Amino acid sequence: MRHLISPLDFSVEETNDILSLAHDIYTNPSDYSDLCRGKKIATLFYEPSTRTRLSFEAAMMNMGGNALGFSSAKDSSVSKGETVADTIRIVSSYADICAMRHPKEGAPYVASRYSRIPIINAGDGGHNHPTQTFADIFTIKELKGQLADMTIGFCGDLKFGRTVHSLINELVRYTGFHFVLISPDELKLPDYVKNEVLERNHCTYTETRSLEEALPDLDILYMTRVQQERFFNEADYIRLRDTYILDEGKLAKAKKDLLILHPLPRVNEIAPEVDDDPRAQYFTQAKLAVYVRQAIILKLLGMR
Ligand code: NCD
């Protein structure tokens, strides 16, 4: 049985197969509309979510299956003190596959050790978010036509942003990516990602505080939200939350074919005026996430 806890749980070859499958689902959705009839996905969300939970449920429903679960810890027996291990033992007999989001790093991994069904990590604390990474690379591949040889800027909360950590772990496995890390000093990419991921894989990267200076060189800009829920101190959050606000003025100096991504939710970091710029593709990215999650479900159920 396979689980998806880290983006590296699939080899590059398997990852490319999932992207091809996602592309086929995207272009021929009706070929897949009945494949999961009678199957159920459990979505166990101990942390808030809109896109991730709903797109997992939509993914299963698009293939004729059903979804059950909870959308906050307070609605489940965890509020009575139940452990993740006990919860997943039970859910294993109610569903065929499970997507779990949890504020504690490693919780989906713990679940996978007690589970009789595949576990998908739908975000664990500031650690990983592998299915968002699949959505991100699928969007890059579909819209840029390649997954290599580009300069990608990560902007915002690189310290707590799990989508950033997961995507960097993935992209170092592809050739020719140059990484530009744009953040205030307090929210820099953690050293363990720099040392164990970027440097160990001999990737080139630069660090800067200035979005304006970095922007003209970028092929992809990955904006992120400052992760309020992971701050220890409200005053620090308030001081840092509006460090970067992408607007049309700043974009005047960017490449004409820049791809602007954001895992969403967006707060203030992208001005609404940017939404109409053809370079802004974060809503497409959220839409494509459903097809890639369909592909991941099929792969983990051993149906592809
Ligand atoms: C992200 C997350 O939960 O990590 N959202 C998502 O799943 N699309 C990003 C965020 O919350 O800022």
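Above: the structure in question.
Residues numbered from 1 in each chain as written. Predicted model: local features only at pLDDT ≥ 70, side-chain atom pairs only at ≥ 80, totals over all residues. Heavy atoms only, no water.

Asker: Looking at this structure, how should I read the sheet that holds strand E1 (residues 40-45)?
Answerer: Within a sheet, each strand pairs with its neighbour through backbone hydrogen bonds, oriented either parallel or antiparallel. Read from one edge of the open sheet, four strands run E2-E1-E3-E4, paired in parallel fashion. Looking at which strands have only one partner, the edges of the open sheet turn out to be strand E2 (66-70) and strand E4 (119-124). This sheet shows a mean twist of 15° between the axes of neighbouring strands, independent of strand direction. By the bridge criterion, five bridges tie E1 to strand E3 (residues 97-102) in an arrangement that is parallel. Within E3, the position partnered with leucine 44 by the bridge is methionine 100. Contacting E1, E3 and E4, helix H3 (residues 84-91) runs over the sheet at an angle of about 165° to E1. (Pairing = 2+ DSSP bridges. Helix = DSSP H or I, 4+ residues; strand = E, 2+ residues; numbered from the N terminus. Axes fitted to C-alpha atoms, helices over the stretch in contact; angles between N-to-C directions. Contact = heavy atoms within 4.5 Å.)

Asker: Just to check I follow, could you spell out the layout of surface pockets for this structure?
Answerer: One way to see where empty space is left: roll a probe the size of a water molecule over the atoms. Size it by volume and the largest pocket reaches roughly 420 Å³. Around the largest pocket, the lining comprises 21 residues; the ones closest to its centre are Arg101, Arg162, Arg225, Leu264 and Pro265. Broken down by secondary-structure element, the contributors of at least two residues to the lining of the largest pocket are helix H2 (51-62) and helix H6 (162-171). Its residues placed into classes, the lining of the largest pocket shows four nonpolar, ten polar and seven charged. The volume enclosed by the second largest pocket comes to roughly 160 Å³. As for the second largest pocket, its lining consists of 13 residues, of which Leu44, Phe70, Thr87, Val91 and Tyr94 are closest to the centre. Each residue belonging to the lining of the second largest pocket can be placed in one class, and the counts come to eight nonpolar, four polar and one charged. (1 Å grid on protein atoms, 1.4 Å probe; cavity = no way out; pocket = protein on both sides within 12 Å on 5 of 7 lines; lining within 4 Å. Points joined across faces, edges and corners; volume = space filled by probe spheres on them. Nonpolar A, V, L, I, M, F, W, Y, C, P; charged D, E, K, R; others polar.)

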